[in-house]
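Per-entry structural report
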Amino acid sequence: MTDLQQELKAFKDPELARGLIDSIRALAPEGGATLMEVCGTHTVAIARNGIRGLMPEGTRLASGPGCPVCVTSNHDLDKVIALARVPGVTIATFGDMTRVPGSTSSLLAEQAAGRSVEIVYSPLDALRLAQENSEREVVFVGVGFETTTPLVAMAIKRAKAAGLKNFSVYAAHKNMPGALEAIVNDPALKVDALILPGHVSTIIGVEPYRFLAEKYGIPGVITGFEPVDVLQGIAMIMRQLHEGRADIEIAYARGVMPEGNPVALAAIDEVFETCTSTWRGLGEIPGSGYRIRDELAEFDAMRRFAPEVEPTVEHKGCRCGDVLRGVMPPSECPLFRTVCSPENPVGPCMVSSEGSCAAYYRYY
């Protein structure tokens, strides 16, 4: 049996899972600890598999800003809605984005009002839409972390190579390390360790997280998404806390190389440059966003169309920002289950399938 086959077999191994749970409980600090997962897929995996309830007393699993739809600010949403109102423009976006409310509207509401909004499953679908509809200006809404940013970069490169004149991107991409620094510096939240994202780490590798351990003494473990993956990551964190050390470790070796994916990183660097970005709940974080480089400005939708954007208004009572910071669980939001539900979402954390509020609504 190969190493990979043995690892895959372990996913359904109750004895291994029990051993990891016992190890977590044996190594847990006496005073408890707060561990934050910063990946929406981890948030769902922890909720779906009841992992939060397996933790020893005093150990808290907090959900962080790991849902790309959720951390997109109202101001960014308002810009996309403004683009949708430009005559001749078709917005191409992922399904979750259509339902997220901006200040006074949403893409779904704009579609109902007659604007052209198309759901796609990848930026290449948006590229194809532009190629097949030369009379329309197709704007792809680029949201996501380092996992999806290379795909958008490749779409822009293909559009450039093909001389496509009716394709552009609204770039709201973000990178994870800057947000993590904001999290560990948040005075309202004491994070003892981080469950680091598997998908993002396949692209960026280990090095961008080193500052957490070296500058702040915060342990971190990159892990996968099966129950045993998550338990193994938590067990490795507990061992670090027990031994009084802070390292960045990989518990997802089948998916993550220490150096990441150099080809994907090169594609990002060729098309994008970092910039200050506004995160819902975290505010402006320098260097945490991506903007299209000046030499590719023709593919930057905001520079291309410069639509008038309405003043940003935050929704009263919605606590998505505090949920994304990890300072409160979704169940403490006064709108949770009463006013806000997946059928009637007030904030993005209830819209996205990776949102903390949606996960709590479904599994708790």
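Everything below is about the structure printed above this text.
All figures in this text were calculated on a predicted structure; none of them were measured in a lab.

A few words now on the pattern of salt bridges. It is possible for side chains bearing opposite charge to pair when their charged atoms get close. Scanning the model with the defined rule gives 25 salt bridges in all. Here R293 ties to E273 by a salt bridge, and the two come within 3.7 Å at their closest N and O atoms. Of this pair, R293 sits in the loop between β11 (283–292) and α15 (301–305) while E273 sits in strand β10 (residues 272–279); the two residues are 20 residues apart in sequence, bridging distant segments of the chain. Put simply, R325 and D322 hold a salt bridge, and the shortest N to O gap is 2.9 Å. Of this pair, R325 and D322 both sit in helix α16 (residues 320–325), 3 residues apart, which is roughly one turn of the helix. Judged by relative accessible area, R325 falls into the buried class, the value being 17%. D322 gets classed as buried once you look at its relative accessible area, which sits at 18%. Each of D269, E273, R291, R293, D294, D300 and R303 takes part in one network of salt bridges that share partners.

Let us look at empty space enclosed by the protein. Using a probe with the size of a water molecule, rolled over the atoms, empty space left in the structure can be pinpointed. For the structure shown, the criterion picks out 2 cavities of 30 Å³ or more. Reported here for the largest cavity is a volume of approximately 70 Å³. Lining the largest cavity are C318, R319, C320, V323, C333, L335, F336, C340, V346, G347, M350 and C357. Class assignment for the residues of the lining of the largest cavity results in 10 nonpolar, 1 polar and 1 charged. Roughly 40 Å³ of volume is contained in the second largest cavity. As for the second largest cavity, its lining consists of L77, V80, I81, M97, V100, S106 and L107. Top element by residues in the lining of the second largest cavity is helix α5 (residues 74–84). It accounts for 3 residues. Residue composition of the lining of the second largest cavity, grouped by class: 6 nonpolar, 1 polar and no charged.

Reading guide: rules and limits
- Residues numbered from 1 in each chain as written.
- Predicted model: local features only at pLDDT ≥ 70, side-chain atom pairs only at ≥ 80, totals over all residues.
- Heavy atoms only, no water.
- Salt bridge = Lys/Arg side-chain N within 4 Å of Asp/Glu carboxyl O.
- Helix = DSSP H or I, 4+ residues; strand = E, 2+ residues; numbered from the N terminus.
- Buried < 20%, exposed > 50% of the residue type's maximum accessible area, 1.4 Å probe, protein only.
- 1 Å grid on protein atoms, 1.4 Å probe; cavity = no way out; pocket = protein on both sides within 12 Å on 5 of 7 lines; lining within 4 Å.
- Points joined across faces, edges and corners; volume = space filled by probe spheres on them.
- Nonpolar A, V, L, I, M, F, W, Y, C, P; charged D, E, K, R; others polar.

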